Amino acid sequence: MISSYFASVGLSVVGFVFMMIILIMFLLKKKTWGFQTRTFLCLMIISLVMLGLEILLPMFISAKDVTDMTAVIFSKIYLWSMLLFEEIFMFYSYALVMGDKFEFTKKLKFILFGVFIAFNIIDALILIPLDVTFTGGFRGSPFVVDGNAVFAINIFSLLFGIGIMIYWRKNKEKISYINLSPLYFLFFVYTVALLLQVIFAY
């Protein structure tokens, strides 16, 4: 059981420490707190939350029983955090196109907030009724969350990736190379990780 836990969270622990270092460096650096900067901060915070959930999730899976819904609820919270990351990433891409010095009116802020709330309501309507299943945990194998909820997340992530790539291509002249290159790299890594999870059911 212990070996299964470490097999499940080893990479997440490394990522959590690395992201914490980046967050500290970001907060210590002098900056202008525009929309772009605040959105990037939200991205780092939700990344830390996701990694923390990844570290805790195997504990709930290993302790679950047939009648315990704790593992199911915690798993769906983790899946929802993935959607939340993608939504914030979408807003960050919009902020890059508009520029950090762009002045957002109260009306535009209200619209963006409404879109954000609408996305999260849709997320809840999708995730709540769908099932999750748990496998692994035997002889050192990692714990795996599967089921229709995970399948729905994969489909949503695929559509999101296609949409965001189209958006970047249409607005590449408005995004500096310094800002765009890490986004392409992040998208590439995210896509490879998603494909590996689908192929190997991990």
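What counts and what doesn't
- Residues numbered from 1 in each chain as written.
- Predicted model: local features only at pLDDT ≥ 70, side-chain atom pairs only at ≥ 80, totals over all residues.
- Heavy atoms only, no water.
- Helix = DSSP H or I, 4+ residues; strand = E, 2+ residues; numbered from the N terminus.
- Buried < 20%, exposed > 50% of the residue type's maximum accessible area, 1.4 Å probe, protein only.
- Contact = heavy atoms within 4.5 Å.
- Areas by Shrake-Rupley, 256 points an atom, 1.4 Å probe, with all protein chains shown as cover.
- pLDDT = per-residue confidence, 0-100.
- Patch = residues over 30% accessible without salt bridge, like charges linked within 9 Å, V, L, I, M, F, W, Y side chains within 5 Å.
- Salt bridge = Lys/Arg side-chain N within 4 Å of Asp/Glu carboxyl O.
- Axes fitted to C-alpha atoms, helices over the stretch in contact; angles between N-to-C directions.
- Parallel < 35°, antiparallel > 145°, perpendicular 65-115°, else oblique.
- Nonpolar A, V, L, I, M, F, W, Y, C, P; charged D, E, K, R; others polar.
- Phe/Tyr/Trp six-rings, centres within 6.5 Å; stacked < 30°, edge-to-face > 60°.
- Expected span 1.5 Å × (residues − 1).
- Arc of directions from axis to C-beta.
- Core = buried A, V, L, I, M, F, W, Y, C linked by side-chain atoms within 4.5 Å.

## Regarding the overall build of the protein
Okay, step 1: The number of helices and strands found in the protein is 6 helices and 2 strands.
Okay, step 2: For the protein, the sequential pattern of α-helices and β-strands runs α-α-α-α-β-β-α-α.
Okay, step 3: For the protein, the proportion of its 202 residues judged to be buried stands at 36%.
Okay, step 4: The long-range fraction of contacts in the protein, counting pairs at least 24 apart against all pairs at least 6 apart in sequence, stands at 70%.
Okay, step 5: In the structure as shown, the protein presents an accessible area of about 12,700 Å², 76% of it carried by carbon and sulfur atoms.

## Observations regarding the confidence of the model for the protein
Okay, step 1: Overall, the prediction assigns the protein a mean pLDDT of 76, with 78% of residues at 70 or greater.
Okay, step 2: Averaged over each element, pLDDT in the protein is lowest for helix H6 (residues 177-200) (68) and highest for helix H3 (residues 70-98) (84).

## Here's the deal with a nonpolar patch on the surface
Okay, step 1: A cluster of nonpolar side chains, Phe151, Ile155, Leu158, Leu159, Ile162 and Ile166, forms an exposed patch at the surface whose accessible area comes to about 600 Å².
Okay, step 2: Looking at the secondary structure, you find Ile162 in helix H5 (residues 148-170).
Okay, step 3: Taking the relative accessible area as the measure of exposure, Ile162 reaches 47% and is therefore partly exposed.

## Some details on the packing of H3 against H5
For any two helices packed against each other, the geometry is given by the interaxial angle and the distance between the axes.
Okay, step 1: Packing of H3 against H5 leaves a shortest axis separation of 10 Å and a crossing angle of 5°. The pairing of H3 with H5 is recorded here as roughly parallel in orientation. Across the interface between the two elements, Leu79, Met82, Leu83, Glu86, Phe89, Met90, Ser93, Tyr94 and Val97 of H3 pack against Ala149, Val150, Ile153, Phe156, Ser157, Phe160, Ile164, Tyr167 and Trp168 of H5.
Okay, step 2: Of the residues in the contact of H3 with H5, the class split is 15 nonpolar, 2 polar and 1 charged.

## Notes on the environment of Val14
Okay, step 1: By the secondary structure assignment, Val14 is in helix H1 (residues 2-28).
Okay, step 2: Sequence separation between Val14 and Leu51 is 37 residues; the distance between their C-alpha atoms is 9.4 Å.

## Considering the environment of Asp123
Okay, step 1: Here Asp123 shows up in helix H4 (residues 106-127).
Okay, step 2: Residues Asp123 and Ile153, 30 residues apart in the sequence, show an inter-C-alpha distance of 9.4 Å.
Okay, step 3: Sequence-distant contacts of Asp123, defined by excluding residues within four places in its chain, comprise Trp80, Leu83 and Glu87.

## Looking at the packing of aromatic side chains
Okay, step 1: What the rule picks out here adds up to 6 aromatic pairs.
Okay, step 2: Ring centres of Phe89 and Phe160 lie 6.3 Å apart, and the angle between their planes is 70°; on these two criteria the pair is classed as edge-to-face. Remark: Phe160 occurs in helix H5 and Phe89 occurs in helix H3; sequence separation between them is 71 residues.
Okay, step 3: Under the relative-accessibility criterion, Phe89 is labelled buried at 6%.
Okay, step 4: Through a chain of ring-to-ring contacts, the aromatic side chains of Phe85, Phe89, Phe160 and Trp168 assemble into a single cluster.

## Considering H4
Okay, step 1: With 22 residues, H4 should reach 32 Å at 1.5 Å per residue; the first-to-last C-alpha distance of 31 Å fits that figure.
Okay, step 2: Along H4, the positions that sit buried rather than exposed are Leu112, Asn120, Asp123 and Leu127. Seen along its axis, H4 keeps its buried residues to an arc of 75°; they face one direction. Exposed positions of H4 whose direction lies more than 90 degrees from the buried face are Lys106, Lys107, Phe110 and Leu125.

## Side note on the nonpolar core
Okay, step 1: Leu79, Phe89, Trp168 and Leu183 are the most contacted members of the largest nonpolar core, which totals 32 residues.
Okay, step 2: Mapped onto this core, the elements with two or more residues apiece are helix H2 (35-63), H3, H5 and H6.
Okay, step 3: Top element by residues in this core is H3. It accounts for 14 residues.
Okay, step 4: Apart from residues lying up to four places away in sequence, Leu79 is in contact with Leu127, Val132, Ala149, Val150 and Ile153.

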